[in-house]
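Spelled out from the first residue to the last, the chains are:
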Amino acid sequence: MIGTTKKPPQGQISTASMPDIIFMLLIFFMTSTVFVEFRGLPVKIPSTDNAQKIEGKRNLTYCFVDTSERVSVDDKLLSPKEVTSIMYLKRTNNPRIVVSLKIDENCKNDIVDKVQRALQEADARRIVYATKTK
Amino acid sequence: MLKKTERKVGEFNASSMADITFLLLVFFLVTTTVSTDKGIKFVLPQKADDATPTKVKGVVNVFLNDDNQILLGKKGKEEEVSIQQIKNQLTLLDREISAQGDSIIVSIKVTPGSTYKNYVEILDQIKNAKIDRISLAQ
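Residues numbered from 1 in each chain as written. Chains lettered and ligands numbered in written order. Predicted model: local features only at pLDDT ≥ 70, side-chain atom pairs only at ≥ 80, totals over all residues. Heavy atoms only, no water.

1. So, the overall build of chain B
What counts, and what does not: The numbering of helices and of strands both runs from the N terminus, where a helix is a DSSP run of H or I of at least 4 residues and a strand a run of E of at least 2. With the radius of gyration taken over C-alpha atoms, the globule rule is written as 2.2 Å times the number of residues to the power 0.38.
Counting its secondary structure elements, chain B contains three helices and six strands. Listed N to C, the secondary structure of chain B is α-β-β-β-β-α-β-α-β in terms of helices and strands. Its C-alpha atoms give chain B a radius of gyration of 31 Å, more than 25% over the compact-globule value 14 Å for 138 residues. By its C-alpha atoms, chain B is 115 × 35 × 35 Å across when sized along the principal axes.

Laid out in structure tokens, this is it:
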């Protein structure tokens, strides 16, 4: 009949699968998240054009070196000799280890060389010079 | 007569649970910052005792001294360059060495008093020149 208004169909979206989706998302983030286990040292890393993204966070170990030539691995201040022993242990636990060197840009290459030699001693030779993109 | 009183079974309305979980999930998704690691990949040479002296052709030396001056060139023909010039110089040398049928190897030697920033910038310029064969002289 003319004049009568048609009511829109009242469709309902089933929300029964909502918890499943949420759980799936939750499990995804739980498995893919890697927590930071250290605080490191305050360093200003250099900027470069060729800063590549580093894949495989689980194989990464961080080594901080600040301007006062302090070396820190896993929040422990170490001497280069101690770096060798700790990195050797880490490498035996995970042969695919990659050491990310977070060195302050104002550091002298003397300490960089000492750390690199310590890593060579431990045969942890795959390294990354941590940099920012320019 | 004793009348058995019916115990009321309490019910918990769980229909809002999904909303709460979703809200929490969205909150963490928004507030979490993903830290991306970036840097220049490098494989250190073997220990100096094991390292064999290389007698290969196509070696280009890059020296960085305590005053952060850079010398670049083939053995005995090194010239002072600025950081910005490294890429062009290396590209030229790469072409020259390739024409002779060899492939370029860049050997970096830095003095202990030089700055790490300059060392990384040299590495960056070498990567800019699309050269992957880098050796660290000790």
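There is more to say after this.
2. Let's talk about the side chain of A:Asn59
Residues and elements named next belong to chain A. Note the threshold: Any pair of N or O atoms that falls within 3.5 Å is considered a polar contact. Within protein, one atom must be able to donate a hydrogen and the other to accept it, and sequence-neighbouring residues count only if both atoms are side-chain atoms. Note on definitions: a residue-residue contact is assigned when non-hydrogen atoms from the two residues lie within 4.5 Å.
Structurally, Asn 59 can be placed in the loop between β2 (52-53) and β3 (60-65). A polar contact of 3.0 Å, which involves the side chain of Asn 59, links it to the side chain of Asn 94. The contacts of Asn 59, once residues within four sequence positions are left out, are Asn 94, Arg 96, Ile 97 and Val 98.

3. Thoughts on a nonpolar patch on the surface
Counted only if it meets this: In this scheme, patches are assembled from residues that exceed 30% relative accessible area and form no salt bridge. Like charges are connected within 9 Å, while nonpolar side chains (Val, Leu, Ile, Met, Phe, Trp, Tyr) are connected within 5 Å. Every accessible area reported is derived by Shrake-Rupley at a probe size of 1.4 Å, with residue values counting cover from the shown protein chains alone. By definition, a salt bridge exists where a carboxyl oxygen of Asp or Glu is found within 4 Å of a side-chain nitrogen of Lys or Arg. Relative accessible area decides the class of each residue, using a 1.4 Å probe on protein chains only: under 20% of the type maximum gives buried, over 50% gives exposed, and in between gives partly exposed.
A cluster of nonpolar side chains, A:Phe28, A:Phe29, B:Phe22, B:Val26, B:Leu29 and B:Val30, forms an exposed patch at the surface whose accessible area comes to about 540 Å². Every element with two or more residues in the nonpolar patch is listed here: α1 (18-32) of chain A together with α1 (17-31) of chain B. In terms of residue count, α1(B) provides more of the nonpolar patch than any other element does, four residues in total. Look at B:Leu29 and you get partly exposed, because its relative accessible area is 43%.

4. Some points on the packing of aromatic side chains
Put simply, the test is: Stacked, tilted and edge-to-face are the three classes assigned to paired rings of Phe, Tyr and Trp, where Trp is represented by its six-membered ring and a pair needs centres within 6.5 Å; plane angles under 30 degrees give stacked, over 60 edge-to-face, the rest tilted.
Inspection of every chain in the model, using the stated rule, returns six aromatic pairs over all chains. Here A:Tyr129 and B:Phe42 contribute two aromatic rings whose centre-to-centre distance is 5.8 Å and whose plane-to-plane angle is 50°, an arrangement assigned as tilted. Taken as a pair, A:Tyr129 in strand β7 (residues 126-130) and B:Phe42 in strand β1 (residues 38-43) lie in two separate chains rather than in one. Across the pair, exposure class does not vary: A:Tyr129 and B:Phe42 are buried alike. Between B:Phe27 and B:Phe28 the ring centres are 5.2 Å apart and the planes differ by 70°, which places this aromatic pair in the edge-to-face class.

5. With respect to unusual backbone geometry
For A:Asp74, which is not glycine, the phi dihedral falls at a positive 50°. In this fold, A:Asp74 is placed in the loop between β4 (71-73) and β5 (76-78). By relative accessible area, A:Asp74 is classed as partly exposed at 34%. Phi is positive for B:Asn68, which is not a glycine, with a value near 60°.

6. Side note on the pattern of salt bridges
Per the stated rule, a full pass over the model turns up eight salt bridges over all chains. Among the salt bridges present, the one from A:Arg117 reaches A:Asp113, with a minimum N-O distance of 2.9 Å. With a gap of four residues between them, A:Arg117 and A:Asp113 both fall in helix α3 (residues 109-121), about one helical turn apart. The class of A:Asp113 is partly exposed, set by a relative accessible area of 26%. B:Glu96 serves as the salt-bridge partner of B:Lys74, at 2.8 Å between the closest nitrogen and oxygen. Taken as a pair, B:Lys74 in strand β3 (residues 70-74) and B:Glu96 in helix α2 (residues 86-99) lie far apart in primary sequence, 22 residues in all. Among the residues examined, B:Glu96 registers a relative accessible area of 40% and is labelled partly exposed.

7. As for the interface of chain B and chain A
Convention followed: Once two parts are put together, the accessible area they lose, assessed with a 1.4 Å probe and summed over both, is termed the buried area. Lys, Arg, Asp and Glu make up the charged group, whereas Ala, Val, Leu, Ile, Met, Phe, Trp, Tyr, Cys and Pro make up the nonpolar group; the residues left over, Gly among them, are polar. Paired strands, in this sense, are two strands between which DSSP finds at least two bridges.
Contact with chain B, which involves 35 residues of that partner, is made by 44 residues of chain A. Note on chain B versus chain A: buried area summed over both sides is about 3,600 Å², and carbon and sulfur give 56% of it. The largest contributions to the chain B side of the interface with chain A come from B:Asp37, B:Leu44 and B:Tyr116, which together make up 23% of the buried area. Along the contact surface separating chain B from chain A lie one salt bridge. One salt bridge connects A:Lys57 with B:Asp37, and the closest N-O pair in it is separated by 3.4 Å. Along the contact surface separating chain B from chain A lie 23 residue pairs in polar contact (both at pLDDT 80 or more). For the side of chain B that touches chain A, the secondary structure elements donating two or more residues are α1, β1 and α3 (116-128) of chain B. No other element matches α3(B), which puts eight residues into the side of chain B that touches chain A. Broken down by class, the residue content of the side of chain B that touches chain A amounts to 17 nonpolar, eleven polar and seven charged. Bridging between β2(A) and β1(B) involves two bridges; their strand directions are antiparallel. Across the sheet, A:Gln52 pairs through a bridge with B:Gly39, a residue of β1(B).

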